[in-house]
Amino acid sequence: MKALVTGGAGFIGSNIVRHLLNEGHVVTVLDNLSSGYRTNLSPFPQVAFIEGDVRDAATAERAMRGVEVVFHLAASVGNKRSIDHPLDDAAINVLGTLNVLEAARHAGTRKIVFSSSAGIFGELKTLPIREDHPVEPDSPYGASKLGAEKACLVYSKLYALEAVCLRYFNVYGVNQRYDAYGNVIPIFAQRLLHGEPITIFGDGEQTRDFVNVNDVVQANYRAGVARGVSGAFNIASATRVTINELARLMMAAGDRQCPLEYGPPRPGDVRHSLADIGAAQRAFGYQPTVDLATGLHEYMRWVKGELTV
Ligand SMILES: NC(=O)c1ccc[n+]([C@@H]2O[C@H](COP(=O)([O-])OP(=O)(O)OC[C@H]3O[C@@H](n4cnc5c(N)ncnc54)[C@H](O)[C@@H]3O)[C@@H](O)[C@H]2O)c1
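Remember, predicted model here, so these are calculated numbers, not experimental data.

Reading the values: the criteria
Residues numbered from 1 in each chain as written. Predicted model: local features only at pLDDT ≥ 70, side-chain atom pairs only at ≥ 80, totals over all residues. Helix = DSSP H or I, 4+ residues; strand = E, 2+ residues; numbered from the N terminus. Rg over C-alpha atoms; globule rule 2.2 N^0.38 Å. Buried ≥ 20, exposed ≤ 12 C-beta atoms within 10 Å, placed from the backbone. Contact = placed C-beta atoms within 7 Å. Axes fitted to C-alpha atoms, helices over the stretch in contact; angles between N-to-C directions. Parallel < 35°, antiparallel > 145°, perpendicular 65-115°, else oblique. Left-handed = near helix turned anticlockwise from the far one by under 90°. Nonpolar A, V, L, I, M, F, W, Y, C, P; charged D, E, K, R; others polar. Core = buried A, V, L, I, M, F, W, Y, C linked by C-beta atoms within 7 Å. Near = placed C-beta within 6 Å. Pairing = 2+ DSSP bridges. Arc of directions from axis to C-beta.

(A) Structural context of the overall build of the chain. Within the chain, the regular secondary structure consists of 10 helices and 13 strands. Over its C-alpha trace the chain gives a radius of gyration of 19 Å, about what one expects of a compact globule, namely 19 Å for 309 residues. A principal-axis box enclosing the C-alpha atoms of the chain has dimensions of 55 × 45 × 35 Å. Counting only residues that meet the buried cut, the chain has 48% of its 309 residues in that class. Long-range pairs, those at least 24 residues apart, make up 78% of the contacts in the chain between residues at least 6 apart in sequence.

Below, the structure is given as structure tokens:
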């Protein structure tokens, strides 16, 4: 098939591109390189790369020509970034998604697989979290992802465009770089690499459901090739780990030690997170395969430059 990956120069997108090519598909990437890296695509010269913005309707239409499945990842990513730059979330995540949907409709694209986020849930009320958990996002990011999800599902009702929205929990893995809005695993990895203390907010007994990027790729691929499936699905490992345990696992995975420091809890952080992934298992056979210790070992090798992809 011919696939378009918006945000394909980013962390998750570049891993999807690799898998699509390995499976023999033809791939176009649309990315404005705002948080992605052209070098993530250097191993794949066969990719048609369009440097452009999903906010530009004409660019989205051009990228979509002849595309059977679009994997839509381009976004302004993260809660903290959205609190600093809330208009980006409306413009890129909501209006940009509408541009992608319009382009898909005009091009006769069969399916959109949209990268949503567990951030749509907001304060967690029940565990494990099922898809029918209340959606009360507490950041502009979560609100924008929820709006974009709804737009995708509306298009799947109105037009011949299947739409699968994948609500990722905490994704980690190769090509995930440390930045100002970084997630906990890249931050801990940087501290370990430089022998600096790791700071944990609160007592470290809060839990998270970390999912390896290879499993997120699997979910995207299975959702993309499945026929007649639309809806919103949790994508996670369905296991949880405390942040204290995560720090220990990362020290073991990286074969480095550093002291742990404890700071005050961060306002707005949820205490526990754990997904129910039964719906994705039933709808398109999603099955996580990478356990955290193995995934962290691979990630630390990549961070240390011992693993090239
Ligand atoms: N990483 C996570 O834990 C996580 C969790 C939940 C959801 N997600 C979602 O997964 C998707 C990918 O996230 P990621 O972690 O790979 O982040 P990323 O920042 O590495 O990837 C986003 C990509 O989109 C591109 N982009 C941003 N704005 C664009 C625009 N206006 N036009 C074209 N391209 C644009 C960036 O350059 C980048 O390559 C995002 O939609 C994100 O919201 C990620």
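(B) Structural view of the packing of helix H8 (residues 243-254) against helix H10 (residues 292-303). Where H8 contacts H10, the two axes come as close as 8 Å, and the packing angle between them is 50°. Judged by the angle between their axes, H8 and H10 are oblique. For the pair H8 and H10, the crossing hand works out as right-handed. Contacts between H8 and H10 involve Leu249, Met250, Ala253 and Gly254 from the first element and Leu292, Ala293, Leu296, His297 and Met300 from the second. Here the residues of the contact of H8 with H10 are counted per class, giving 7 nonpolar, 2 polar and no charged.

(C) Seen up close, the nonpolar core. Ranked by size, the top nonpolar core spans 88 residues in total, and within it Leu166 and Ile235 carry the most contacts. Other than its neighbours up to four places away in sequence, Leu166 contacts Val113, Phe114, Ser115, Ser116, Ala219, Asn220, Ala223, Phe233 and Ile235.

(D) Focus on the site of the ligand. As a structural note, the neighbourhood of the ligand is formed by 29 residues, with Gly7, Gly10, Ser35, Gly36 and Ala75 the closest of them. Residue assignment for the shell around the ligand shows that the elements contributing at least two residues are helix H1 (11-22), strand S2 (26-31), helix H4 (86-107), strand S5 (111-117) and strand S7 (170-172). When residues in the shell around the ligand are grouped by element, the largest group, 3 residues, is from H1. Tallied by class, residues from the shell around the ligand come to 13 nonpolar, 13 polar and 3 charged.

(E) Here's a closer look at the sheet that holds strand S4 (residues 69-72). Pairing is parallel across the open sheet formed by 7 strands, whose spatial order is S3-S2-S1-S4-S5-S6-S11. Strands at the two margins of the open sheet, each flanked by one partner only, are strand S3 (48-51) and strand S11 (231-235). Within this sheet the neighbouring strands show an average axis-to-axis angle of 20°, counted without direction. Sheet analysis places S4 next to S5, joined by 4 bridges and oriented parallel. When the bridges of S5 are listed, Val70 appears paired with Ile112. Along the sheet, helix H2 (residues 57-64) makes contact with strand S1 (2-6), S2, S3 and S4, crossing S2 at roughly 170°.

(F) Focus on the packing of H1 against helix H7 (residues 213-225). Running from amino to carboxyl end, H1 crosses H7 at an angle of 60°, the nearest separation of the two axes being 9 Å. By the angle class used here, H1 and H7 are oblique. Read as a crossing pair, H1 and H7 show a hand that is right-handed. Residues Ile12, Asn15, Ile16 and His19 of H1 form the contact with H7, whose participating residues are Val213, Val216, Val217, Asn220 and Tyr221. Residue classes in the contact of H1 with H7 are distributed as 6 nonpolar, 3 polar and no charged.

(G) View of helix H6 (residues 184-193). All buried positions along H6 are accounted for by Ile185, Phe188, Ala189, Arg191 and Leu192. Along H6, the residues classed as buried sweep out an arc of 160° about the axis, all on the same side. One or two steps after H6, the chain reaches Gly195, where phi turns positive at roughly 65°.

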